[in-house]
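Commentary on secondary and tertiary structure
Here is what each chain is made of, one letter per residue.
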Amino acid sequence: MHRPSGRHCDQYKNGGACFTRLNFRSRRRVGLRSRKSCQTASIATAEVSTQARRHADAQVQTETLEPGAVAPMSRHDGPRLAAFLRKVEAMVIRELNKNWQSHAFDGFEVNWTEPQQTVSCLHTLCYPPAQGQGLHVTGISWNSTGSVLACAYGRLDDGDWSTLKSYVCTWNLDRRGLNPQQPSVVVEVPSAVMCLAFHPTQPSHIAGGLYSGEVLVWDMSRSEDPLLWRTGLTEDAHTDPVYQVLWLPEPQHSHRFQVLSVSTDGKVLLWQGGGAGQLQLTKGFALLMQQLPRSTRLKKPPRGETEVGVTAVAFSSFDSSLFVLGTEGGFPLKCSLAAEAAAMTRMPSSVPLRAPVQFTFSPHGGPVYSVSCSPFHRNLFLSAGTDGHIHLYSMLQAQPLTSLQLSHKYLFAVRWSPVRPLVFAAASGGGDVQLVDLQKSSQKPTVSITQTQDGSPVYCLEFNSQQTQLLAAGDAKGMVKVWQLSTAFTEQGPRETEDLDQLEAQVAT
Amino acid sequence: EVEETLKRIQSHKGVIGTMVVNAEGIPIRTTLDNSTTVQYAGLLHQLTMKAKSTVRDIDPQNDLTFLRIRSKKHEIMVAPDKEYLLIVIQNPCE
């Protein structure tokens, strides 16, 4: 080993390079021999693992819970729920018992609104050109919002095919500056309009039945040509005056409606608004004397007439396929939309006509001009006839439950009150509107409102289902009066529905 | 045991309906139909919370123990708790 001679040898480390400082003197020039070594600095190593992140775009949205959906009742909170119930049960039972025996609230009534003591006339509406022609108000209807009143002008005592022009007028009662002699919309109609019905949800659609047998539907919000649909004078249409029209929800789509019309030619027809402004017949029923069920003895029809003239219709508020018809023969009929039996008629029709009658009730002394089904009881309905009597029938028996004589003249319309189960109103040929409250007296009317000064008949009346204190009535002088009823007629008492049930049970036995 | 207690309450004179609602206002047990139950649960839960905060605001040492609402047609009774509400609707004899 040859060590370089020298004193010392320094080595400097310098990041891989190396310097050696050699301090040596060579004695002999033998040869320069140096020993070098180098060393790299330790390599720093570290172990790290990485991962590429994967991005994904996602959107989240909560669904609004349907109002009817209830979260499934959880059965997990058993013990805590049991402890809670144990704790409160005693207190609740004690309160229930105290309540049952308490007389603390007997006779205690709160008045939320100003009580109205008497019936007063709010508006007197008329259309002078129609009055000038001597037209009568034959039909009135409130719209779905309860703020627009429409009336139809025609004549109820005309015997011939008149070419009398008539009118349908509407007044918007909530508008300021209401001019009672100037309706907001007037539609001229080529023939006399016998009845009107506003659409249940569309505030501006209204259907009307004409003396000529046509059914028309207008849209009052269109100013140029309000006529939407018409049946036209086809084979399908009625051949006699249409006495009542109604809107019915369609069986599959309950937000769309069809028009039902009844007429003295014995047909009950269901129309659907089709394209090109034409009403298409979807279902039809024909009533014939020989197909009526023999629940009661009926007089033999004169001159071998077989058709049963229908003058009024009312649907049950509890069963949407059940309806009651009032007839010229004076006997109400219970019918069903779902009837399948074919009617043995030779009347031409594009849709097969069926016989809908299920039951015949015992007759009045004259034609029935109006029927009304109770909105509070599934079996009760009223009928008003030209004998001046109101009959209260139950769907379950042919004889009426009770019979009230309200007038010595004809009765043209009867309607149950939409808020008080025991109250109804009737329009009489003597010129008054009679309000009967079965709770107070079942023999005579509670209030009798005189509509016309000279005793000309009141032909139609309708309660306002949105503003329940209003009652509109139209008379033969061409005036429509809107009456504001006293609070007694608009506030439901605590046990009225039970009282109505009791009345039905009591009288039926 | 929960069911028996509820049945006892429901079979009391004049009781129309009984329901138990949790702290969030979601019905847990009921004897009425779905839509009515949901309506009662939501509205009465809010009213009970308001009543409780009213009592506490007037006197912080006080707390709500029972809530009764008397209407023309019936009486609604609410027994509140930290986690649940028991709602009973009764038609009292007049």
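From a predicted model like this one, the values you see are computed outputs, not experimental measurements. (Residues numbered from 1 in each chain as written. Chains lettered and ligands numbered in written order. Predicted model: local features only at pLDDT ≥ 70, side-chain atom pairs only at ≥ 80, totals over all residues. Heavy atoms only, no water.)

Take the overall build of chain B next. The helix and strand tally for chain B stands at two helices and five strands. Traced from its N-terminal end to its C-terminal end, chain B shows the element sequence α-β-β-α-β-β-β. Counting only residues that meet the buried cut, chain B has 40% of its 94 residues in that class. Counting only contacts in chain B whose residues sit at least 6 apart along the sequence, the fraction spanning at least 24 positions is 37%. Of the accessible surface of chain B, which amounts to about 5100 Å², a share of 53% is contributed by carbon and sulfur atoms. (Helix = DSSP H or I, 4+ residues; strand = E, 2+ residues; numbered from the N terminus. Buried < 20%, exposed > 50% of the residue type's maximum accessible area, 1.4 Å probe, protein only. Contact = heavy atoms within 4.5 Å. Areas by Shrake-Rupley, 256 points an atom, 1.4 Å probe, with all protein chains shown as cover.)

What follows covers the overall build of chain A. Along the backbone of chain A there are three helices and 31 strands. Buried positions account for 48% of the 509 residues belonging to chain A. Just so you have it, chain A exposes about 27500 Å², and 49% of that area is on carbon and sulfur atoms.

For an α-helix the count is 3.6 residues per turn, leaving residues at separations of three or four pointing the same way. Residue and element names in this part refer to chain B. For helix 2 (residues 34-58), spanning 25 residues, the distance from its first C-alpha to its last is 36 Å, which sits close to the expected 36 Å at 1.5 Å a residue. Among the residues of helix 2, Thr37, Ala41, Leu44, His45, Thr48 and Ala51 are the ones counted as buried. Packing partners of the buried residues in helix 2 comprise strand 1 (15-22), strand 2 (27-30), strand 3 (67-70), strand 4 (75-80) and strand 5 (84-90). (Expected span 1.5 Å × (residues − 1).)

Further remarks concern the pairing of strand 27 (residues 432-437) of chain A. Residue and element names in this part refer to chain A. Counted residue by residue, strand 27 has six buried out of six residues, so it is predominantly covered. Judged by which residues are buried, strand 27 turns out to be covered on both faces: Asp432, Gln434 and Val436 on one side and Val433, Leu435 and Asp437 on the other are all buried. Pairing between strand 26 (residues 423-428) and strand 27: five bridges, direction antiparallel. Pairing of Ala427 across the sheet is with Val433, part of strand 27. Here strand 26 hands over to strand 27 after three residues, with Gly431 in that stretch at a positive phi of 95°. In this structure, strand 27 lies alongside strand 28 (residues 447-450), joined through four bridges in antiparallel fashion. Each residue of the ladder has a partner; that of Asp432, found in strand 28, is Thr450. (Pairing = 2+ DSSP bridges.)

Enumeration according to the criterion identifies 16 salt bridges over all chains in this entry. Put simply, Glu95 and Lys98 of chain A together with Arg68, Arg70 and Glu75 of chain B are held in one network by salt bridges that share partners. (Salt bridge = Lys/Arg side-chain N within 4 Å of Asp/Glu carboxyl O.)

Another aspect to go through is helix 1 (residues 2-10) of chain B. For helix 1 of chain B, every residue scored as buried is listed here: Val2, Thr5, Leu6 and Ile9 of chain B. Looking straight down helix 1 of chain B, one finds its buried side chains confined to an arc of 95°; they lie on one side. Exposed residues pointing more than 90 degrees away from the buried face of helix 1 of chain B are listed as Glu4 and Lys7 of chain B. Tucked into the core, helix 1 of chain B has its buried residues touching helix 1 (78-101) of chain A together with strand 1, strand 2 and strand 5 of chain B. (Arc of directions from axis to C-beta.)

What follows deals with a nonpolar patch on the surface. Where nonpolar side chains cluster on the molecular surface, the patch consists of Phe105, Phe108, Val110 and Trp112 of chain A and spans about 520 Å² of accessible area. Here Val110 of chain A is to be found in the loop between helix 1 and strand 3 (120-126). (Patch = residues over 30% accessible without salt bridge, like charges linked within 9 Å, V, L, I, M, F, W, Y side chains within 5 Å.)

Residues and elements named next belong to chain A. Mapped onto the elements, Thr311 comes out in strand 16 (residues 310-315). A distance of 2.4 Å separates the side chain of Thr311 from the backbone oxygen of Val368, its partner in a polar contact. Sequence-distant contacts of Thr311, that is, excluding residues within four places in its chain, are made with Tyr243, Gln244, Thr264, Gly326, Thr327, Glu328, Val368 and Tyr369. (Polar contact = N/O pair within 3.5 Å; in protein donor to acceptor, adjacent residues only side chain to side chain.)

This next bit is on the confidence of the model for chain B. In this model, chain B carries a mean pLDDT of 88, and residues with pLDDT of at least 70 account for 98%. Per-element mean pLDDT across chain B ranges from 86 in helix 1 of chain B up to 92 in helix 2 of chain B. (pLDDT = per-residue confidence, 0-100.)

The next subject is the sheet that holds strand 3 of chain A. All names here are of chain A. As summarised here, the arrangement of the four strands in space is 3-31-30-29, forming an open sheet in which the pairing is antiparallel. Of all strands in the sheet, those bounded by a partner on one side alone are strand 3 and strand 29 (458-463). The mean inter-strand angle of the sheet, taken between neighbouring strand axes irrespective of direction, is 20°. Two elements, strand 30 (residues 470-475) and strand 31 (residues 479-484), share five bridges in a ladder whose sense is antiparallel. Paired with Ala473 across the bridge in strand 31 is Lys481. (Axes fitted to C-alpha atoms, helices over the stretch in contact; angles between N-to-C directions.)

Turning our attention to the confidence of the model for chain A. All names here are of chain A. Summarising the model, chain A shows a mean pLDDT of 79, and 84% of its residues fall at 70 or more. Within the model, pLDDT remains below 50 along residues 3-16, and this stretch shows 28 contacts once partners closer than five positions in the same chain are excluded. Here residues 67-72 scores under 50 on pLDDT; set against residues more than four positions off or in separate chains, the count is seven contacts.

Take the packing of helix 1 of chain A against helix 1 of chain B next. Their axes nearest at 9 Å, the elements helix 1 of chain A and helix 1 of chain B cross at an angle of 15°. Judged on the interaxial angle alone, helix 1 of chain B and helix 1 of chain A are roughly parallel. Here helix 1 of chain A runs over helix 1 of chain B; the crossing is left-handed. Contact with helix 1 of chain A, carried on its side by Gly78, Leu81, Ala82, Leu85, Glu89, Val92, Ile93 and Leu96 of chain A, involves Val2, Thr5, Leu6, Arg8 and Ile9 of chain B of helix 1 of chain B and no other residues of that element. Per-class residue counts for the contact of helix 1 of chain A with helix 1 of chain B are nine nonpolar, two polar and two charged. (Parallel < 35°, antiparallel > 145°, perpendicular 65-115°, else oblique. Left-handed = near helix turned anticlockwise from the far one by under 90°. Nonpolar A, V, L, I, M, F, W, Y, C, P; charged D, E, K, R; others polar.)

Our focus in this paragraph is the environment of Ile140 of chain A. All names here are of chain A. Position of Ile140 relative to the elements: it lies in strand 4 (residues 136-142). Looking at Ile140, the relative accessible area reads 4%, which means it is buried. Taking the C-alpha atoms as reference, Ile140 lies 8.5 Å from Val480; in sequence the two are 340 residues apart. In this view, Ile140 contacts Leu149, Ala150, Cys151, Leu196, Cys460, Leu461, Glu462, Ala472, Ala473, Gly474 and Val480; residues no more than four positions away in its chain are not counted.

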